[in-house]
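An overview of the molecular structure
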Amino acid sequence: MVASTSLDVVPDDPTAYKTQAYWEERYKNEDSETTFDWFKTYAELKPLLNEAIPEKSASILMLGCGNSTLGEDMYKDGYRNITNIDYSPTVIETMKKRCEHMPEMKWEVMDIRDLKYENESFDVVIDKGTMDALMCDRGDVWDPSEELIAEVKGEVDEVERVTKVGGTFLYITFGQPHFRKRHLARDCWEIKVQTLGDAFHYFFYTMHKERAVNA
């Protein structure tokens, strides 16, 4: 496999990250063996993920999987019940073929703001950098636009809905708590934050769903 770096794929206009067209074009022009992981790899996240997901049989939803190796590496580590979604048909088809030797993995084309699953379908939902793409905006990070707020709310509302009571939402990002907590806050969970890295920090947010939506 060929790993690309963030410098290889940075668009001239950062708001392009929010569009399906950008991702489709990017994945169509990449080799089928190319991989790209935002932020940390599974090897680096393994201690935190193993602690947050102690049961290897847990049903896991991976939001905006792209061509990351996270799902594959988790599968190899024993997590077999993984559903990967992305709104790029190209990357989903590529990943299906690349992971055809992992028959229990599921791959579906879907928008994270409009999940086609029943309420309380998953034990764990993971977002590694996907929400950050929705937040690529030219506005003031201290005063985000109504459009940005609505788009992120759409994702978090759907995550809240499809996560089982007793389940967990995990979010890995470079977004600092004072910028992210406002978007993640819900009545059904508390937000726990762990910091990774030294010179440049990443953040591992854990939201454990304690009660049903609107309960």
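Preceding block: the structure.
These notes cover the structure that comes with them. Just so we're clear, the structure is a prediction, and the values are computed from it rather than from any experiment. (Residues numbered from 1 in each chain as written. Predicted model: local features only at pLDDT ≥ 70, side-chain atom pairs only at ≥ 80, totals over all residues. Heavy atoms only, no water.)

1. Points about the overall build of the protein chain
- Scanning the protein chain from terminus to terminus reveals eight helices and nine strands.
- Within the protein chain, buried positions represent 50% of all 215 residues.
- Looking at the protein chain alone, contacts between residues at least 24 apart form 71% of all its contacts between residues at least 6 apart.
- Surface exposure of the protein chain reaches about 10,500 Å², of which carbon and sulfur atoms provide 50%. (Helix = DSSP H or I, 4+ residues; strand = E, 2+ residues; numbered from the N terminus. Buried < 20%, exposed > 50% of the residue type's maximum accessible area, 1.4 Å probe, protein only. Contact = heavy atoms within 4.5 Å. Areas by Shrake-Rupley, 256 points an atom, 1.4 Å probe, with all protein chains shown as cover.)

2. Structural notes on the pairing of strand β3 (residues 60–63)
- A two-sided burial pattern is seen for β3, the buried positions comprising Ile60 and Met62 on one face and Leu61 and Leu63 on the other.
- Bridge count for β3 against strand β4 (residues 82–86) is three bridges, and the pairing is parallel. What sits directly across from Met62, in β4, is Asn84.
- The β-α-β motif built from β3, the intervening helix α4 (residues 70–76) and the parallel element β4 has right-handed crossover chirality.
- Note that β3 and strand β6 (residues 122–128) share four bridges and pair parallel. Pairing of Met62 across the sheet is with Ile126, part of β6. (Pairing = 2+ DSSP bridges. Right-handed = clockwise from strand over helix to strand, strands pointing away.)

3. A few points about the nonpolar core
- With 33 residues, the main nonpolar core has Leu49, Ile53, Ile60, Met74 and Ile126 as its most contacted residues.
- Of all the secondary structure elements, the ones that give two or more residues to this core are α2 (20–28), α3 (42–52), β3, α4, α5 (89–98), β6, β7 (163–173) and β9 (202–208).
- When residues in this core are grouped by element, the largest group, four residues, is from α3.
- Not counting chain neighbours up to four residues away, the residues in contact with Ile53 comprise Ala58, Ile60, Met74, Tyr79, Val124, Ile126 and Leu170. (Core = buried A, V, L, I, M, F, W, Y, C linked by side-chain atoms within 4.5 Å.)

4. Comments concerning helix α8 (residues 177–184)
- Of all the residues in α8, the buried ones are Phe179, Arg180, His183 and Leu184. The arc that holds every buried residue of α8, seen down its axis, measures 115 degrees, which confines them to one face.
- At its buried positions, α8 is contacted by α6 (130–134), α7 (146–162), β7, β8 (191–196) and β9. (Arc of directions from axis to C-beta.)

5. Structural notes on the environment of Tyr27
- Mapping Tyr27 onto the fold places it in helix α2.
- For the pair Tyr27 and Pro89, spaced 62 residues apart in the sequence, the C-alpha separation amounts to 9.3 Å.

6. Considering the sheet that holds β7
- One open sheet holds the seven strands; their spatial order is β5-β4-β3-β6-β7-β9-β8, and the pairing between them is mixed. The strands lining the two open edges of the sheet, one partner per strand, are β5 (106–109) and β8. Averaged over all pairs of adjacent strands, the angle between their axes in this sheet comes to 20 degrees, without regard to strand direction.
- Of the strands in this sheet, β7, β8 and β9 touch α8, which is tilted by about 25 degrees from β9. (Axes fitted to C-alpha atoms, helices over the stretch in contact; angles between N-to-C directions.)

7. Focus: unusual backbone geometry
- Positioned with a positive phi, Glu120 is a non-glycine residue whose angle comes to about 55 degrees.
- As for its position among the elements, Glu120 is in the loop between β5 and β6.
- Relative accessible area serves as the criterion here: at 35%, Glu120 is assigned to the partly exposed category.

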